[in-house]
Amino acid sequence: MNRNSLALMILLIIGKTPVYGASCSELVDELKAMKQAQQVILKSLADNHGQFASSLDELATEVEMSNGKVPGPALKSLRTTAKAYRNRGESAQKQAQKLDQATASLIEEVQNCLAPQSSTVSF
């Protein structure tokens, strides 16, 4: 998903204003939309770490292949930084998965709490 789509999704969710007397089913739908936007945002953030790490690796490779002399410690530093960002990206992906599971669990709890209310409504 590109940045424009991400921005549009965020604006749609942030732009939603609570409506007085909104139905419970709409609440569940909004929570599901929030979860989807959350997934997109967190995936994008986690992917940025990996992209930065790859850029550093490419830079280090180009420097190694160039005819100029670059100190070994500088190349090692580039590789170490790339590895650190790659690890951060992997950690961010794991955290995003945990948050996704927690959000799904919360949505299910809300849905279960609301279900008995909607079935016992009498006129």
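### Regarding the overall build of the protein
The secondary structure content of the protein amounts to three helices and zero strands. Counting across all 123 residues of the protein, residues that qualify as buried make up 18%. Considering only contacts within the protein whose residues lie at least 6 apart along the sequence, 77% involve residues at least 24 apart. With the model as given, the accessible surface of the protein reaches about 9,300 Å², and the carbon-plus-sulfur share is 58%.

### Here we look at the pattern of salt bridges
Pairing is possible between side chains that carry opposite charge, provided their charged atoms lie close to one another. Applying the stated criterion to the full structure yields four salt bridges. For the salt bridge of K35 with D100, the shortest nitrogen-to-oxygen distance reads 3.0 Å. Of this pair, K35 sits in helix α2 (residues 24-65) while D100 is found in helix α3 (residues 72-119), placing the two residues 65 residues apart along the sequence. D100 carries the same exposure label as K35, and that label is buried. The salt bridge partner of R79 is D57, with a shortest N-O separation of 3.5 Å. Placement of the pair is R79 in helix α3 and D57 in helix α2, with a sequence separation of 22 residues. Residue class for R79 comes out partly exposed when judged on its relative accessible area of 28%. Each of the salt bridges in this network shares a partner with another, and the network as a whole consists of D57, R79 and R86.

### Digging into the nonpolar core
The biggest cluster of nonpolar side chains holds six residues, and these are A53, L56, A60, L75, L78 and A82. Contributing elements (two or more residues each) for this core: α2 and α3. Ignoring any residue separated from it by four or fewer positions in sequence, one finds A60 in contact with L75, L78 and R79.

### Examining the environment of V110
Take V110: it is sitting in helix α3. Along the backbone, V110 and L27 are 83 residues apart, and their C-alpha atoms lie at a distance of 8.8 Å.

### Quick notes on the confidence of the model for the protein
Looking at the protein as a whole, its pLDDT mean stands at 77, while 72% of the residues score no less than 70. Across residues 119-123 the pLDDT falls below 50, and counting only partners more than four positions away or on other chains, this stretch makes zero contacts in the model.

### Focus on the side chain of T103
Take T103: it is sitting in helix α3. The class of T103 is buried, set by a relative accessible area of 7%. For T103, the contacting residues outside a window of four places in its chain are M34, K35 and Q38.

Each value, and the rule that gives it
Residues numbered from 1 in each chain as written. Predicted model: local features only at pLDDT ≥ 70, side-chain atom pairs only at ≥ 80, totals over all residues. Heavy atoms only, no water. Helix = DSSP H or I, 4+ residues; strand = E, 2+ residues; numbered from the N terminus. Buried < 20%, exposed > 50% of the residue type's maximum accessible area, 1.4 Å probe, protein only. Contact = heavy atoms within 4.5 Å. Areas by Shrake-Rupley, 256 points an atom, 1.4 Å probe, with all protein chains shown as cover. Salt bridge = Lys/Arg side-chain N within 4 Å of Asp/Glu carboxyl O. Core = buried A, V, L, I, M, F, W, Y, C linked by side-chain atoms within 4.5 Å. pLDDT = per-residue confidence, 0-100.

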